[in-house]
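An overview of the molecular structure
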Amino acid sequence: MNLNSKFIITINRELGSGGRTVGRKLAEKLGVEYFDKVVIKALEERYHLSAEQIENLKGQDTGWWADFKRKMTFSDSEYDLNQTGIETEDVFRAETQILKALAKENSCIIAGRTAFYMFREHPNHLSVFIQASMLSRVARVAREQNMTKEQARLTIDKVDKMRENYVQEFTGTSRYDTRNYHLVINMDELTEAAAVDLILQYIRSMSV
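Residues numbered from 1 in each chain as written. Predicted model: local features only at pLDDT ≥ 70, side-chain atom pairs only at ≥ 80, totals over all residues. Heavy atoms only, no water.

What to know about the confidence of the model for the protein chain
- Mean pLDDT for the protein chain: 83, with 79% of residues reaching 70 or above.
- Residue range residues 64–84 is modelled with pLDDT below 50. Its contacts to residues more than four positions away, or to other chains, number 26 contacts. (pLDDT = per-residue confidence, 0-100. Contact = heavy atoms within 4.5 Å.)

Side note on the nonpolar core
- Membership of the largest hydrophobic core comes to 23 residues, with the highest contact counts inside it found for Ile 9, Leu 26, Ile 109, Val 128 and Ile 199.
- Those residues in contact with Ile 9 that lie beyond four places of it in its chain are Met 1, Leu 26, Leu 30, Cys 108, Ile 109, Ile 110, Leu 126, Val 128 and Ile 203.
- In this structure, Phe 35, Leu 99, Met 118 and Phe 170 belong to the second largest nonpolar core, which totals 12 residues. (Core = buried A, V, L, I, M, F, W, Y, C linked by side-chain atoms within 4.5 Å. Buried < 20%, exposed > 50% of the residue type's maximum accessible area, 1.4 Å probe, protein only.)

Topic: the pattern of salt bridges
- Counted under the stated rule, the structure contains 8 salt bridges.
- In this structure, Arg 140 and Glu 192 form a salt bridge, with 2.8 Å as the shortest nitrogen-oxygen distance. On the criterion of sequence distance, the pair formed by Arg 140 in helix 7 (residues 134–144) and Glu 192 in helix 9 (residues 192–207) is long-range, its members being 52 residues apart. Each of the two residues, Arg 140 as well as Glu 192, counts as buried.
- Here Asp 157 and Arg 153 are joined by a salt bridge, their closest N and O atoms 3.2 Å apart. Highlighted residues: Asp 157 and Arg 153, both in helix 8 (residues 149–171), separated by 4 residues, approximately one helical turn.
- It is possible to trace a salt-bridge network through shared partners that takes in Arg 13, Arg 20 and Asp 36. (Salt bridge = Lys/Arg side-chain N within 4 Å of Asp/Glu carboxyl O. Helix = DSSP H or I, 4+ residues; strand = E, 2+ residues; numbered from the N terminus.)

A closer look at the packing of helix 7 against helix 8
- Axis separation between helix 7 and helix 8 bottoms out at 8 Å; the angle between their running directions is 110°. On the basis of their axis angle, the class for helix 7 and helix 8 is roughly perpendicular. Between helix 7 and helix 8 the crossing geometry is right-handed. In this structure, helix 7 contributes Met 134, Arg 137, Val 138, Val 141 and Ala 142 to the contact, and helix 8 contributes Lys 149, Ala 152, Arg 153, Ile 156, Asp 157 and Asp 160.
- Its residues placed into classes, the contact of helix 7 with helix 8 shows 6 nonpolar, no polar and 5 charged. (Axes fitted to C-alpha atoms, helices over the stretch in contact; angles between N-to-C directions. Parallel < 35°, antiparallel > 145°, perpendicular 65-115°, else oblique. Left-handed = near helix turned anticlockwise from the far one by under 90°. Nonpolar A, V, L, I, M, F, W, Y, C, P; charged D, E, K, R; others polar.)

Quick look at the side chain of Asp 36
- Residue placement: Asp 36 occurs in the loop between strand 2 (33–35) and helix 2 (37–47).
- The class for Asp 36 is buried, based on a relative accessible area of 5%.
- At 3.4 Å, the side chain of Asp 36 and the side chain of Arg 13 are in polar contact.
- Within polar-contact distance, the side chain of Asp 36 engages the side chain of Tyr 34 at 3.4 Å.
- What Asp 36 contacts, discounting residues up to four positions off in sequence, is Arg 13, Arg 20, Ala 111 and Arg 113. (Polar contact = N/O pair within 3.5 Å; in protein donor to acceptor, adjacent residues only side chain to side chain.)

Some thoughts on the pairing of strand 4 (residues 125–131)
- Most of strand 4 sits inside the fold, with 6 of its 7 residues counted as buried.
- As judged from the 6 bridges shared by strand 1 (residues 8–13) and strand 4, these two strands associate in the parallel manner. Opposite Asn 12, over in strand 4, you have Phe 129 as the bridge partner. (Pairing = 2+ DSSP bridges.)

A few points about the packing of helix 5 (residues 88–105) against helix 8
- One way to put it is that helix 5 packs onto helix 8 with a least axis distance of 12 Å and a crossing angle of 80°. Considering the angle they form, helix 5 stands roughly perpendicular to helix 8. Along the contact surface, helix 5 presents Thr 88, Glu 89, Val 91, Phe 92 and Glu 95, while helix 8 presents Tyr 166, Glu 169 and Phe 170.
- A per-class count over the contact of helix 5 with helix 8 returns 4 nonpolar, 1 polar and 3 charged.

Some words on the sheet that holds strand 4
- The 5 strands lie next to each other as 2-3-1-4-5, forming an open sheet whose pairing is parallel. Lying at the two open borders of the sheet, with one neighbouring strand each, are strand 2 and strand 5 (183–186). Neighbour-to-neighbour, the strand axes of this sheet turn through a mean angle of 20°, independent of strand direction.
- Bridge analysis of strand 1 against strand 3 (residues 108–111) gives 4 bridges, and the strand direction is parallel. Looking at strand 3, one finds that Ile 8 is bridged to Cys 108.
- Running over the sheet, helix 1 (residues 19–30) touches strand 1, strand 2, strand 3 and strand 4 and is turned about 160° from strand 1.

Encoded structure:
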């Protein structure tokens with residue numbers, strides 16, 4: 001990987017691992033843009049869906065979308081979801097277009113989504129997966145979201161399942177398959193700053 005040319009770093013991470021913070025700190029170190037919720041925001045504007053609705057749509061099993069259309073209501077009374085024809089595939093295609101448009105402009109870091117798959121053939125791409133033990137993840141989510149440990153564990157299990165369903169459906173692989181990444185980092189014994197230094201050290205070793 002060459003930092004002197006336009007590059008893309010994708011960071012996939014487990015909820016509660018600290019991966020989002022690592023991505024932001026890495027972007028600051030490298031002086032590039034960091035994209036995460038901006039993708040969801042663009043999808044919201046395109047489809048008039050909330051972030052939570054989009055995340056749910058992305059992660060649910062086949063057939064859930066039909067039930068979603070029957071039950072979900074929107075603040076805009078003139079917006080009729082049944083007339084949109086939106087499917088999970090539409091969200092994936094829109095997300096792909098948005099991410100590739102962002103990456104075409106400048107070097108950047110993209111957290112989450114299926115970016116690791118979208119840019120797998122990019123000539124100057126580094127793919128990172130950040131994980132942590134369940135004990136560590138539960139403690140972090142409980143602390144940051146003011147939950148009990150039981151609530152945090154349920155939230156993690158739900159998000160893990162949603163994200164894995166989405167990745168498997170549209171990439172044909174698992175987000176836990178380490179062959180999808182150049183670098184896998186376990187955060188249990190690391191601070192976010194130390195993880196950033198580890199990624200930078202890896203990049204320097206690739207550039208030799």
